[in-house]
Amino acid sequence: MINEPQLHGSKTEELIVEAGEALRRRKPSRMVRIGDHVKREWQLYLMLLPTILWLLIFLYKPMYGLQIAFKDYSIFRGVAGSPWIGLEHFQTLFGNDQFLRAIKNTVIISFYSLIFGFPMPIILALMFNEVLHQTFKKTAQTIVYLPHFISSVIIAGIVITAFSPSAGIVNTVLEWFGGESIYFLTRPEWFRPIFVGTGIWQEAGFQSIVYLAAIAGVSPTLYESAVVDGASRWQMMWKITLPSILPTIIIMLIIRIGNMLEVSFEMIILLYQPATYETADVVNTFIYRQGIQGGQYDLAAAAGLFNAVVAFVLVMTANTISKRYSRTSLW
Amino acid sequence: MSGVTLEKIVKRYGAVDVVHGIDLEVQEKEFVVLVGPSGCGKSTTLRMIAGLEEISDGDLTIDGRHVNRVAPKDRDVAMVFQNYALYPHLNVAENIAFGLRIRKEKKDKIAAAVDEVGRILGLTPYLERRPADLSGGQRQRVAMGRAIVRRPKVFLFDEPLSNLDAKLRTQMRAEIKRLHKRLGATSIYVTHDQVEAMTLADRIVVMNDGRIEQIGTPMDLFLNPANTFVAAFLGSPPMNMVKARIADGAQGPIAQFGTQTIQLARLPELANSKGRDVILGIRPEFVTVATADTVGQVKVEVDLIETLGSEALIHASLAGDPFVIRTETVGQMAILDGISGFTIEPHLIRVFDAQTGQALPGQVLEQ
Ligand SMILES: Nc1ncnc2c1ncn2[C@@H]1O[C@H](COP(=O)(O)OP(=O)(O)O)[C@@H](O)[C@H]1O
Ligand SMILES: [Mg+2]
């Protein structure tokens, strides 16, 4: 090529350009290609359909109603007919001590749930993984999964009974050791520990399944190799198992942070009472009381929108940070 | 003396024996290859030596110490696995250092050891990379590095080259051999590939169905296979097997198959054994091709001649069984066109008992 005359070279170049042009012309447009793909793989798209419908009906269509956050909404005028009032509802909300308290409580409860609740399933999975006795392992797993399948109402009933001042097991035990009986569920300082603990009891076992699956995916030869190298079980857990499931942990953490403000609100409603609002009332319960019980739909919508925007920012931030530092991300 | 001794080693899974009492003595600095078809118990045997599988019965000694009940880490062995077993979250240097870190060696000592191993294996430019960013051959080298960095008494390899393509395998094979020369460590190497076994081993152990068929140097096994299994397993193309019956000839025993006969060597076992059924083992390399006018030839029906450059493979059949001849091509092309059969010296034919498959005694070929 180097020794060839200039003329020849430029001609070749021309040919290449021409060939590229022809290729581009023949390459079908994006829409046509997607169409072809649908035709070829229609079964896959058919299976996707129910989920898309669900998303549209239950998540996208209600977004239309979100506009009432910026309107003076009345049921009689409807969503479209109500007049726009700008950010007035947001001003009202942020002038409302109860709402500010609800935000504070949401953040604190979420934070505690994350700090104490997030590591729990991982610890459980690691512990299950160390159990060699199969029957014991299966029984223990079933027992910790069980609360997940029990209705929140019953869980709350169990908790309320357990902490009741007269017959509750907690107070009974307290009294054995010479303590005073405490009516825990009326004490604001006890609400958060009880709520977070209940959440862990209910969900940690079930959430550990994800990590157990991740652990099962680690190649056994990694452990065999480590055994020959002289690693103890403890070292293998720290140096092989944990790093191997780290991507799963990070994904779960991102999801968890995204849902952080989604405090399990039915459980709060079941456990709180006016005496504990001070520490127990969160944004969602606030919305519930204002919106559904108080009939202030527009104000409730504004509060809900605020919650959603914060959650969105949280998940975006978590994902970006994770992508930058650990090569793992949701998208 | 870092030898390894296996005495009547048995591995039992439930009621099933998969290794039936193996006896093997590996000398210090020796490179021993366990070879055999898939599922014959090679890996199980190796893993028992490593301590990854419990020994059901028998005695294992490493370096003169009885180690049946000794934990893997205290046996001072290192193992290289087929799928490399590299830690994906650690880079090359950290992977190599893993065993030393676990043993809480001093930092500067670890760094020096990793440096040296990196140099020996040509991994110095890649020390910072993760395994995912390495080629198959480089990963294989890291796996070797992890083993040699600890300077163990015994190296164990379980099909370390099986995941590589043919070219790389040849290259790594040579590298392992060179490494063994340099480090001189006792090595036990498992493979199902007879070429690997022939090229690497000081001694080969041929296994079949949980038993040892024969132990010997590569050339010894090639020239003097103890039975038809070893004869067919080693060598490529494998030894031809021809069913025949013994008869008396003018110059000692002859073998009859179909309408043809062939002269055999005067083995003591063959005296007065007219009518005995045998299997004749004939190496494709040991015969001389014959044309129509050659006297005393065995005739074959030629199907196909494969020319591989300097040599050719003649695929033929003899008395209904396939028969392969391997011959040089240089100056022979004219003969190949007119090939009608072969001749062979009687002492190059290996005679096996048809019932037991064992070679008749008294047949020894020197190299
Ligand atoms: N955990 C096990 N339980 C039962 N049988 C096994 C187990 N592991 C291996 N085997 C059997 O032991 C035999 C030998 O296996 P292996 O040593 O892996 O053969 P290979 O020579 O191919 O390495 C095989 O027949 C295999 O099916
Ligand atoms: Mg194997």
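All residue numbers refer to position in the chain's written sequence, counted from 1. In the order they appear in the text, chains get letters beginning with A and ligands get numbers beginning with 1. Only residues with pLDDT of 70 or above have their local features reported here, since the model is predicted, and side-chain atom pairs are shown and tallied only from 80 upward, although totals for entire chains, interfaces and linings are computed over all residues. Processing note: side-chain calculations cover all non-hydrogen atoms of the structure and skip hydrogens and water entirely.

Asks: Sorry, what's going on with a negative patch on the surface here?
Replies: The grouping of Glu7, Asp23, Glu25 and Asp59 of chain B at the surface amounts to a negative patch. Helix and strand definitions follow DSSP, with helices as H or I runs of at least four residues and strands as E runs of at least two, each counted in order from the N terminus. Inspection of the secondary structure puts glutamate 7 of chain B in strand E1 (residues 4-13). Patches were defined on residues exceeding 30% relative accessible area and lacking a salt bridge, with like-charge contacts within 9 Å and nonpolar side-chain contacts (Val, Leu, Ile, Met, Phe, Trp, Tyr) within 5 Å. Computed with the Shrake-Rupley method and a 1.4 Å probe, the accessible areas treat only the protein chains shown as cover for residues. For salt bridges, the criterion is a side-chain nitrogen of Lys or Arg within 4 Å of an Asp or Glu carboxyl oxygen. Counting rule for charge: Lys and Arg are taken as positive, Asp and Glu as negative, and neither His nor the chain ends is counted. Note on charges: their place is set at NZ of Lys, CZ of Arg, CG of Asp or CD of Glu.

Asks: What's the story with the domain arrangement of chain B in this structure? I'm lost.
Replies: All names here are of chain B. Each domain span listed reflects an automatic or database assignment of domains. Split into domains, chain B comes out as domain 1 (4-232) and domain 2 (237-353). Contact between two residues is taken to exist if any of their heavy atoms lie within 4.5 Å; hydrogens are not considered. With 10 residues of domain 1 at the interface, the matching set in domain 2 holds nine residues. As a working definition, buried area equals the accessible area (1.4 Å probe) given up by two parts on being put together, with both sides summed. Summing both partners gives a buried area of about 750 Å² for domain 1 against domain 2, and 64% of it is carried by carbon and sulfur. Among the residues of domain 1 in contact with domain 2, Phe222, Thr228 and Ala231 are the three that bury the most area, contributing 56% of the side total.

Asks: Even after reading the chapter, I still don't get helix H6 (residues 97-117) of chain A, so can you show me in this structure?
Replies: Since there are 3.6 residues in each turn of an α-helix, residues three or four apart along the chain are aligned in direction. Residues and elements named next belong to chain A. The end-to-end C-alpha separation of H6 is 29 Å, in line with the 30 Å expected for 21 residues at 1.5 Å each. Of the residues making up H6, those classed as buried are Phe99, Ala102, Ile103, Asn105, Thr106, Ile109, Ser110, Ser113, Leu114 and Gly117. In protein, a polar contact means a hydrogen-donor-capable atom and an acceptor-capable atom, both N or O and within 3.5 Å, with residues adjacent in sequence counting only if both atoms are side-chain atoms; elsewhere, any N or O pair within 3.5 Å suffices. A side-chain oxygen of the first residue of H6 lies 2.7 Å from the backbone nitrogen of glutamine 98; this N-cap is asparagine 96. A helix is expected to span 1.5 Å multiplied by its residue count minus one. Burial classes follow relative accessibility: with a 1.4 Å probe on protein chains only, a residue under 20% of its type's maximum area counts as buried, one over 50% as exposed, and anything between as partly exposed.

Asks: When you look at the interface of chain B and chain A in this model, what are you seeing that I'm missing?
Replies: In this assembly, 22 residues from chain B lie in contact with 17 residues from chain A. Among the residues chain B hides against chain A, the three largest losses belong to Tyr87, His89 and Ile102 of chain B. Together they make up 29% of the total. Here chain B is connected to chain A by three salt bridges. The closest approach of N and O atoms between aspartate 229 of chain A and arginine 146 of chain B, which form a salt bridge, is 3.7 Å. Linking chain B with chain A are 10 residue pairs in polar contact (both at pLDDT 80 or more), by the criterion used here. Throughout, the ten residues Ala, Val, Leu, Ile, Met, Phe, Trp, Tyr, Cys and Pro are labelled nonpolar, Asp, Glu, Lys and Arg are labelled charged, and all others, Gly among them, are labelled polar. In terms of residue class, the side of chain B that touches chain A is built from 12 nonpolar, three polar and seven charged.

Asks: Explanation requested: the site of ligand 1 in the structure shown.
Replies: All names here are of chain B. Taken together, Tyr13, Val18, Ser38, Gly39, Cys40, Gly41, Lys42, Ser43 and Thr44 make up the full set of residues near ligand 1. Interatomic distance of 3.2 Å between a backbone N/O atom of cysteine 40 and an oxygen atom of ligand 1. The side chain of serine 43 places a nitrogen or oxygen atom 2.6 Å from an oxygen atom of ligand 1. Here ligand 1, which alone exposes 560 Å², has 55% of that area covered by the protein. When residues of the shell around ligand 1 are assigned to their parent elements, the largest contribution, three residues, is made by helix H1 (residues 42-50). Tallied by class, the residues present in the shell around ligand 1 amount to three nonpolar, five polar and one charged. Here, proximity means that at least one heavy atom of the residue falls within 4 Å of the molecule or strand.

Asks: Help me understand unusual backbone geometry in this model?
Replies: With the exception of glycine, most residues fall at negative phi, and the peptide bonds are largely trans. Residues and elements named next belong to chain B. With omega at 0 degrees, the peptide bond leading from serine 236 into proline 237 counts as cis. By secondary structure assignment, the location of proline 237 is in the loop between helix H8 (228-233) and strand E11 (240-249). Although it is not a glycine, tyrosine 84 sits at a positive phi angle of roughly 75 degrees. Along the chain, tyrosine 84 turns up in the loop between strand E6 (77-80) and helix H2 (92-102). Its identity as a non-glycine residue notwithstanding, alanine 319 has a phi of 50 degrees, on the positive side. As for its placement among the helices and strands, alanine 319 is situated in the loop between strand E18 (311-318) and strand E19 (321-328).

Asks: Quick question: what am I supposed to make of the pattern of salt bridges here?
Replies: Two side chains that carry opposite charge are able to pair once their charged atoms sit near each other. Overall, the coordinates contain 23 salt bridges over all chains when judged by the stated rule. Among the salt bridges present, the one from arginine 150 of chain B reaches aspartate 229 of chain A, with a minimum N-O distance of 2.7 Å. Linking arginine 150 of chain B in the loop between helix H4 (136-148) and strand E7 (154-158) with aspartate 229 of chain A in helix H12 (residues 220-229), this pair reaches from one chain into another. Comparing arginine 150 of chain B with aspartate 229 of chain A shows no difference in burial state: the two are buried. A salt bridge links aspartate 63 of chain B to lysine 153 of chain B; its shortest N-O distance comes to 3.5 Å.

Asks: I would appreciate a short explanation of the environment of glycine 21 of chain B in the present structure.
Replies: Note on placement: glycine 21 of chain B falls in strand E2 (residues 16-26). The spacing of glycine 21 of chain B and valine 10 of chain B is 11 residues in sequence and 4.6 Å in space, taken between C-alpha atoms.

Asks: Quick question: what am I supposed to make of the pairing of strand E17 (residues 301-307) of chain B here?
Replies: Along a regular strand, successive side chains alternate from one face of the sheet to the other. Residue and element names in this part refer to chain B. What makes two strands pair is DSSP finding at least two bridges between them. Across six bridges, E17 lies against E18 in antiparallel orientation. Residue glutamate 306 lies in a different strand from E18, and its bridge partner there is leucine 313. Hairpin connection of E17 to E18: three residues between the antiparallel strands, including glycine 309 at a positive phi of 95 degrees.

Asks: Which parts of the structure should I look at to understand the side chain of threonine 198 of chain A?
Replies: Residues and elements named next belong to chain A. Its place among the elements puts threonine 198 in helix H11 (residues 188-216). Assessed through its relative accessible area of 5%, threonine 198 is described here as buried. If near-sequence neighbours (up to four positions away) are discounted, threonine 198 is found in contact with Ile155, Val159, Met267 and Leu271.

Asks: Would you mind showing me how to read the packing of helix H7 (residues 119-130) of chain A against H11 of chain A here?
Replies: To describe two helices that pack against each other, one gives the angle between their axes and the distance between the axes. Residue and element names in this part refer to chain A. To obtain an axis, a line is fitted to C-alpha atoms, over the contacting stretch when the element is a helix, and the angle between two such axes runs from 0 to 180 degrees between their N-to-C directions. The geometry of H7 relative to H11 is characterised by a closest axis approach of 7 Å and an angle of 55 degrees between their N-to-C directions. Classified by the interaxial angle, the pair formed by H7 and H11 is oblique. Our pair here, H7 against H11, has a crossing hand that is right-handed. Judged by residue contacts, Met120, Pro121, Ile122, Leu124, Ala125, Leu126, Phe128 and Asn129 of H7 engage Ile200, Ala204, Gly205, Gln207, Ser208, Tyr211, Leu212 and Ile215 from H11. Angles are sorted into four bins: roughly parallel if under 35 degrees, roughly antiparallel if over 145, roughly perpendicular if 65 to 115, and oblique for all others. For any helix crossing, the convention is left-handed if the near helix is rotated counterclockwise from the far helix by under a right angle, and right-handed if that rotation is clockwise.

Asks: What should I look at first to understand the pairing of strand E13 (residues 260-263) of chain B in this one?
Replies: The two faces of E13 of chain B differ: Gln260 and Ile262 of chain B on one face are buried, but Thr261 and Gln263 of chain B on the other face are not. Counted along the chain from strand E12 (residues 252-257) of chain B to the antiparallel partner E13 of chain B, the turn is two residues long, and its residue glycine 258 of chain B has a positive phi close to 55 degrees.

Asks: Quick question: what am I supposed to make of the packing of aromatic side chains here?
Replies: Each aromatic ring pair is specified by the distance between its two centres and by the angle formed by the two planes. Residue and element names in this part refer to chain A. Centres within 6.5 Å make a pair out of two Phe, Tyr or Trp rings, where for Trp the six-membered ring is used; the pair is then stacked when the planes are under 30 degrees apart, edge-to-face when over 60, and tilted otherwise. Going through the model one piece at a time under the given rule, you end up with 24 aromatic pairs over all chains. Ring centres of phenylalanine 99 and phenylalanine 306 lie 5.9 Å apart, and the angle between their planes is 65 degrees; this geometry places the pair in the edge-to-face category. Of this pair, phenylalanine 99 sits in helix H6 while phenylalanine 306 sits in helix H17 (residues 297-326); the two residues are 207 residues apart in sequence, bridging distant segments of the chain. Using a relative accessible area of 24% as the deciding quantity, one classes phenylalanine 306 as partly exposed. Where phenylalanine 265 meets tyrosine 288, the ring centres are 6.0 Å apart and the plane angle is 70 degrees; that geometry is what we call edge-to-face. Of this pair, phenylalanine 265 sits in helix H14 (residues 265-271) while tyrosine 288 sits in helix H16 (residues 283-293), placing them 23 residues apart in sequence. Residue phenylalanine 265 is classed as partly exposed on the basis of its relative accessible area of 29%. An aromatic cluster is defined as three or more aromatic residues linked by ring pairs; in this entry it consists of Phe94, Phe99, Phe286 and Phe306. Working rule: Lys NZ or Arg CZ, within 6 Å of ring centre, within 35 degrees of ring normal, means a charge sits over the ring. Residue placement shows arginine 289 over the ring face of tyrosine 277; its charged tip is 4.4 Å from the ring centre.

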